[in-house]
Each structure stands twice: as structure tokens, then as C-alpha cells.
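Here are the chains, one letter per residue:
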Amino acid sequence: MIIGALVGFTNPKRRPAPHRLEHILTRQNSGFYVARLPRPYPLNAPQRRVRDVARSCGIAKGMSRSTLVHQMIDCVGPAMRK
């Protein structure tokens, strides 16, 4: 008795059919894996300088645009030119 050939019957253990082009599988493995998050990249010298100037000028996430513009003009510009 061949059940796999019947229309409407799907076998969950069956391997996925290869793609018609380049023999690529249409579905990948449905399993999972455990991995660590990647470590942050080290900052180079210009990035460290900008970070330190922004901290010293009080620039932080969530501040208003007008405050940020004034801080950039009054504090960050002169500090970066030094």
C-alpha cells in the first residue's frame, strides 16, 4: 500500500524536494542551535574621541532635537576642533 503517492497526504518526515534551479533545498533544517551574541567591536581612536566629547557635553539618548542642535553648535564643535 503506497500512502505517500496519494493526493493530499503529506509525510512530515519526508525530506524537502530540491529546488528546480541549482539543486537548492527549498526548506532548511527546522531545528535550532544555541549561540552567544557577538562581542562588540573595539572602538578606534576617532570613535573614542567622539564618544568622550559627547559624554562631556551631556549628549544622551532621548534628548530633544533643539537641545541636541545647541549642544552640537556650542560644545561639540569647539571641543572637536581642539
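Definitions and cut-offs
- Just so you know, the residues in each chain are numbered from 1, in the order the chain's sequence is written.
- Local features in this predicted model are restricted to residues whose pLDDT is 70 or higher, and side-chain atom pairs enter the listing and the counts only when it is 80 or higher, whereas totals over whole chains, interfaces and linings include all residues.
- The side-chain figures draw on all heavy atoms in the structure; neither hydrogens nor water molecules are used.
- The numbering of helices and of strands both runs from the N terminus, where a helix is a DSSP run of H or I of at least 4 residues and a strand a run of E of at least 2.
- Burial classes: relative accessible area under 20% of the type maximum marks a residue as buried, over 50% as exposed, and values in between as partly exposed (1.4 Å probe, protein chains only).
- What sets the accessible areas is the Shrake-Rupley method with a 1.4 Å probe; for residues, cover comes only from the shown protein chains.
- In the sections that follow, a salt bridge refers to a side-chain nitrogen of Lys or Arg positioned within 4 Å of a carboxyl oxygen of Asp or Glu.
- For the purposes of this analysis, a disulfide is any pair of cysteine sulfur atoms at a distance within 2.5 Å.
- Between N-to-C directions, angles span 0 to 180 degrees; the directions come from axes that are lines fitted to C-alpha atoms, helices contributing only their stretch in contact.
- To sort the angles, those under 35 degrees are grouped as roughly parallel, those over 145 as roughly antiparallel, those from 65 to 115 as roughly perpendicular, and the leftovers as oblique.
- Crossings are classed by handedness, with left-handed meaning an anticlockwise turn of the near helix from the far one by less than a right angle and right-handed meaning a clockwise turn.
- When checking whether two residues touch, look at their non-hydrogen atoms; a contact exists if any pair is within 4.5 Å.
- In this classification, Asp, Glu, Lys and Arg are treated as charged, Ala, Val, Leu, Ile, Met, Phe, Trp, Tyr, Cys and Pro as nonpolar, and every other residue, Gly included, as polar.
- Within this analysis, patches are made of residues with over 30% relative accessible area and no salt bridge. Like charges are joined at 9 Å or less; nonpolar side chains (Val, Leu, Ile, Met, Phe, Trp, Tyr) at 5 Å or less.
- For a helix, the expected span equals 1.5 Å multiplied by the residue count minus one.
- Two axes define the bend at a residue: one fitted to the seven residues ending there, one fitted to the seven starting there, and the bend is the angle between them.

## Focus on the overall build of the protein
Working step 1: Across its full length, the protein carries 2 helices and 0 strands.
Working step 2: Across the 82 residues in the protein, those meeting the buried criterion constitute 5%.
Working step 3: Summed over all atoms, the accessible surface of the protein reaches about 8,400 Å², with 59% contributed by carbon and sulfur.

## Points about the pattern of salt bridges
Working step 1: Going through the model one piece at a time under the given rule, you end up with 1 salt bridge.
Working step 2: As a salt-bridge pair, D52 and R51 come within 3.5 Å of each other at their nearest N and O atoms.
Working step 3: R51 sits in the partly exposed class, given a relative accessible area of 31%.

## Considering the state of the cysteines
Working step 1: In the structure shown here, the tally under the stated rule is 1 disulfide.
Working step 2: Disulfide pairing is shown between C57 and C75; the S-S distance is 2.0 Å. Because the sign of the S-S torsion sets the handedness, a value of about -80° for the bond joining C57 and C75 places this disulfide among the left-handed ones. Taken together, the residues span a long stretch of sequence, with C57 in helix α1 (residues 45-57) and C75 in helix α2 (residues 65-81) at a distance of 18 residues.

## A look at the packing of α1 against α2
Working step 1: Where α1 meets α2, the axes come as close as 10 Å, and the angle between the chain directions of the two elements is 135°. Of the possible angle classes, the one that applies to α1 and α2 is oblique. You can see that α1 and α2 cross each other, and the crossing is right-handed. Contacts from R49, V50, V53 and C57 in α1 reach Q71, C75, V76, A79, M80 and R81 in α2.
Working step 2: Residue classes in the contact of α1 with α2 are distributed as 7 nonpolar, 1 polar and 2 charged.

## Things to note about a nonpolar patch on the surface
Working step 1: A cluster of nonpolar side chains, contributed by L68, V69, M72 and I73, occupies part of the molecular surface with about 340 Å² of accessible area.
Working step 2: You can see L68 is positioned in helix α2.
Working step 3: Look at L68 and you get partly exposed, because its relative accessible area is 32%.

## Describing α2
A turn of α-helix holds 3.6 residues, and therefore any two residues three or four places apart point the same way.
Working step 1: Helix length check: α2, at 17 residues, gives a terminal C-alpha distance of 22 Å against a target of 24 Å (1.5 Å per residue), a fit within 8%.
Working step 2: Most pronounced at M72, the bend in α2 amounts to some 40°.

## Notes on α1
Working step 1: Taking 1.5 Å of rise per residue, the 13 residues of α1 would be expected to cover 18 Å, and the 18 Å separating its terminal C-alpha atoms lies within 8% of that figure.
Working step 2: Trailing α1 by a residue or two, G58 shows a phi angle of about 85°, which is positive.

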